[in-house]
Amino acid sequence: SLLKSLTLCRAGGDSWYTALPLDDLGRHERRLGNYDAAKTYVEESLAIWREFDDRLHVARALRSLGDVCLAAGDRDAARRHYWDSLILSRDVGAEDGVTCARVYLALLAIEGADLEAARTHLVETRGYLRRAGPPRYLGLIAPWLTAAACLAAAEDHPAHAVRLSGAAAALRSGTSPFYM
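Since this is a predicted model, take the numbers as computed values, not measurements. (Residues numbered from 1 in each chain as written. Predicted model: local features only at pLDDT ≥ 70, side-chain atom pairs only at ≥ 80, totals over all residues. Heavy atoms only, no water.)

Details of the packing of aromatic side chains
Turning to step 1, where the next piece is worked out: Taken as a whole, this structure holds 1 aromatic pair when the rule is applied.
Turning to step 2, where the next piece is worked out: Both rings, one in tyrosine 82 and one in tyrosine 104, keep their centres 5.5 Å apart while their planes meet at 20 degrees; by these two values the pair is stacked. Placement of tyrosine 82 in helix α5 (residues 75–92) and of tyrosine 104 in helix α6 (residues 95–111) is noted, with a sequence separation of 22 residues between them.
Turning to step 3, where the next piece is worked out: Residue classification places tyrosine 82 among the buried positions, given a relative accessible area of 1%. (Phe/Tyr/Trp six-rings, centres within 6.5 Å; stacked < 30°, edge-to-face > 60°. Helix = DSSP H or I, 4+ residues; strand = E, 2+ residues; numbered from the N terminus. Buried < 20%, exposed > 50% of the residue type's maximum accessible area, 1.4 Å probe, protein only.)

Structure follows, in structure tokens:
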């Protein structure tokens, strides 16, 4: 279990490895709707990555913290964490991190009726998704398709929104040819 992993890592005294189950526990608690616990785990993980000056993991933890804030309804904090993650991911050359942060920034922009910003985020990420190709991009393509569907719906293109949404659903359900 994750708690057992965390206990073993702490007992071993290696804080770098302790940060890994902390981040996993944060994601798990977020999925369960336990946002305070999720935030505590992710913030502890973030502090450890910062202590080691591990900028790639700091960027990932910032995205996780953005996810927790978004799920808890704190859009402003989520936006700040996604922007910080995007900047740091770009600085360390983590294109997948930039793409992930931009997808969630696009969704927040759509929610705030800033369709031009949403479009910019999605266009900026499309190039990476094409270059990365399957299977590397599969974890990012369903959220990207969802954001693109939301943008199409917001721009009053319902048929396009339905096609994009269906493609995202197919990827998530495993019925995509990429999963067969």
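We are not done yet, so read on.
As for the nonpolar core
Turning to step 1, where the next piece is worked out: If you look at the biggest cluster of nonpolar residues, it comprises 24 residues, and the most contacted ones within it are Leu122, Ile141, Trp144 and Leu145.
Turning to step 2, where the next piece is worked out: Elements with a contribution of two residues or more to this core: α6, α7 (115–132), α8 (138–154) and α9 (158–173).
Turning to step 3, where the next piece is worked out: Broken down by element, this core gets its largest block of residues, 11 residues, from α8.
Turning to step 4, where the next piece is worked out: Non-local contacts of tryptophan 144, meaning those with residues more than four positions away in its chain, are made with Val103, Leu122, Thr125, Arg126 and Leu129.
Turning to step 5, where the next piece is worked out: Within the second largest apolar cluster, 16 residues are counted, among which are Ala19, Ala38, Val42 and Ala61. (Core = buried A, V, L, I, M, F, W, Y, C linked by side-chain atoms within 4.5 Å. Contact = heavy atoms within 4.5 Å.)

On their own, these measurements won't tell you what the molecule is for.
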